Amino acid sequence: MKVQFGDLKSHYTTYKEQIDAAVARVLASGYFILGPELAAFERQFEEFLGLPENRVVGCNSGTDAIYLALAAAGVGPEHEVLAPSHTAVPTICAIRSTGATPVFVDICPRSYTIDVDQIEAKITPKTKAIVPVHLYGQTADMDRINAIASRHGLTVVEDCAQSTGATFKGQQSGTVGDYGAFSFYPSKNLGAFGDGGAVCCKTKEDYDRLIKIRNYGQSKRYYNDIEGVNSRLDEIQAAILGAQVEFVKGWNERRRELAARYDAGLKELVVTPEETPDNEHVYHLYVIETSYREELQSFLLERDVQTLIHYPVPAHLQDAYSYLNYSKGSLPRTESAVERILSLPMYPGLTDDQIDFVIESIAEFYKTRKVETLHKEQHLDVDRKPDQVASSVG
Ligand SMILES: Cc1ncc(COP(=O)(O)O)c(C=O)c1O
């Protein structure tokens, strides 16, 4: 049985009617940039997030969404921005696009989100913003982050690229901080058929500023009040996204069902994801930890089960950011996690049988190849909960 990591082709086949109609409507309209489809999608996404009108601004990508939020908040080269290093590098690209310096914070070992206890020690007079990343589909501890931000006069930009539809204390991710930045990269929980993103905000003033910055900084055609960029969500992508918004809740429910199935089958074998209190995880990724990552990954691949690592090199150790002078060992929990994490196939179109096949394959790996080393998993890293060992296995 083949289990792909994702399957965008079958996603299209399933929703072909809605997607084709959306694309055909735009092509026939002759209106391709900043038109009615974008306006309609922005309204739909505001409703999805539970926001009033004029709070969502579509843009070119999730990276740009973070950039636009930071730019709207006045972040510039003189500032520092706190962010986890354990994230997709675009979080950091967006910070750098403002000219600001990223300051990396370690993660909580079980949620993989920014460790709030370590934030205040990194705040300096230059700190202007915090970018918590709701990694893998669950939110960071937003109440405490907001409290720290308000004590120090900082802006909070939620990186919701992986958390569309996740909630914190019942509130949609992205609407808890000052700004929320969403990615509609095709494989995301709500995906375009190309690049796309959106930023949401709290006030009409922020919205007006974001609208200008995404379109060269102009208030009306050829009149530019502020500096801006070109970051627009085009009409075709907006129409495709608009056609799918109604399905996101159901897709996320299916992701949660699949995750529960994985949990039940794997919890005695490997470290399974933990859903933190106050938070509804939407499992953009289902990430386990194992001490035998490379071997397990090859074993699964031999059985046609595709897996990935999100992410193998943390931002602070990427060559691109070597000038920031973080050495190995500076963020120990991040560095420990990246050695052990493995993302299993996770998308709403997966069948229960496919999940069971992945579970059986992992059980087989431990049974046939690793039984003698299983017990060592209990003696791992003092700072982390060790892999649970099934005494029954083998
Ligand atoms: C956590 C995180 N932040 C930002 C981004 C950037 O989004 P995009 O690829 O739409 O620019 C991504 C997407 O890969 C992401 O996963």
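Residues numbered from 1 in each chain as written. Predicted model: local features only at pLDDT ≥ 70, side-chain atom pairs only at ≥ 80, totals over all residues.

### As for the overall build of the chain
Thought 1: Counting its regular elements, the chain contains twelve helices and 14 strands.
Thought 2: The C-alpha radius of gyration of the chain comes to 21 Å, within 12% of the 21 Å expected for a compact globule of 394 residues.
Thought 3: A total of 394 residues make up the chain; the buried ones form 47% of that total.
Thought 4: In the chain, of all internal contacts separated by at least 6 residues, the share reaching a separation of at least 24 is 68%. (Helix = DSSP H or I, 4+ residues; strand = E, 2+ residues; numbered from the N terminus. Rg over C-alpha atoms; globule rule 2.2 N^0.38 Å. Buried ≥ 20, exposed ≤ 12 C-beta atoms within 10 Å, placed from the backbone. Contact = placed C-beta atoms within 7 Å.)

### A short note on the site of the ligand
Thought 1: Taken together, 14 residues lie near the ligand, and Ser61, Gly62, Thr63, Ala161 and Ser183 sit nearest.
Thought 2: Only helix H4 (62-72) and helix H5 (90-97) provide two or more residues apiece to the shell around the ligand.
Thought 3: Its residues placed into classes, the shell around the ligand shows five nonpolar, eight polar and one charged. (Near = placed C-beta within 6 Å. Nonpolar A, V, L, I, M, F, W, Y, C, P; charged D, E, K, R; others polar.)

### Notes on the nonpolar core
Thought 1: Leu68, Ala69, Leu70, Val81, Ala181, Ala198 and Val199 are the most contacted members of the largest nonpolar core, which has 104 residues in total.
Thought 2: Sorting elements by how many residues they give to this core places H4 first, with eight residues.
Thought 3: The residue makeup of this core includes at least three contributed by each of domain 1 (8-246) and domain 2 (247-379).
Thought 4: Non-local contacts of Leu70, meaning those with residues more than four positions away in its chain, are made with Val75, Val81, Ala94, Ile95, Thr98, Ala129 and Val157. (Core = buried A, V, L, I, M, F, W, Y, C linked by C-beta atoms within 7 Å. Domains from an automatic or database assignment.)

### Some details on the confidence of the model for the chain
Thought 1: Averaged over all residues, the pLDDT of the chain equals 94, while 94% of them reach at least 70.
Thought 2: Averaged over each element, pLDDT in the chain is lowest for strand S10 (residues 218-220) (93) and highest for strand S5 (residues 155-159) (99).
Thought 3: Predicted confidence for residues 384-394 stays below pLDDT 50, and this span has 30 contacts to residues more than four positions away or in other chains. (pLDDT = per-residue confidence, 0-100.)

### Quick look at helix H2 (residues 16-29)
The periodicity of an α-helix, 3.6 residues per turn, causes residues three or four places apart in sequence to face the same way.
Thought 1: Look at H2: 20 Å from first C-alpha to last across 14 residues, which is about the 20 Å you get at 1.5 Å a residue.
Thought 2: Among the residues trailing H2, Gly30 stands out with phi positive, at a value near 70°. (Expected span 1.5 Å × (residues − 1).)

### A short note on the domain arrangement of the chain
Thought 1: Taken as a whole, the chain is organised into domain 1 (8-246) and domain 2 (247-379).
Thought 2: Listed as interface residues are 35 residues of domain 1 and, on the opposing side, 32 residues of domain 2.
Thought 3: With three residues, helix H1 (residues 8-14) is the single largest residue contributor to the side of domain 1 that touches domain 2.
Thought 4: Here the residues of the side of domain 1 that touches domain 2 sort into 13 nonpolar, 17 polar and five charged.

### Remarks on the environment of Val75
Thought 1: By the element assignment, Val75 lies in the loop between H4 and strand S2 (80-84).
Thought 2: With 24 C-beta atoms counted inside 10 Å, the residue Val75 sits in the buried group.
Thought 3: For the pair Val75 and Thr127, spaced 52 residues apart in sequence, the C-alpha to C-alpha distance is 9.4 Å.
Thought 4: Dropping the residues within four chain positions of it, Val75 is found in contact with Leu70, Val81, Thr98, Ala100, Lys128 and Ala129.

### Notes on the pairing of strand S9 (residues 197-201)
Thought 1: Most of S9 sits out of view: five of its five residues are buried.
Thought 2: Burial of S9 is two-sided: the residues Gly197, Val199 and Cys201 facing one way and the residues Ala198 and Cys200 facing the other way are all buried.
Thought 3: The pairing of strand S8 (residues 179-183) with S9 spans five bridges and is classified as antiparallel. Pairing of Ala181 across the sheet is with Val199, part of S9. (Pairing = 2+ DSSP bridges.)

### Here we look at the packing of H4 against H5
Thought 1: Two elements in contact, H4 and H5, have axes whose closest approach is 8 Å; the angle formed by their N-to-C orientations is 40°. Considering how the two elements wind past one another, H4 and H5 form a crossing that is right-handed. Across the interface between the two elements, Gly62, Thr63, Ile66, Tyr67 and Leu70 of H4 pack against Pro90, Thr91, Cys93, Ala94, Ile95 and Ser97 of H5.
Thought 2: Of the residues assigned to the contact of H4 with H5, the class counts are seven nonpolar, four polar and no charged. (Axes fitted to C-alpha atoms, helices over the stretch in contact; angles between N-to-C directions. Left-handed = near helix turned anticlockwise from the far one by under 90°.)

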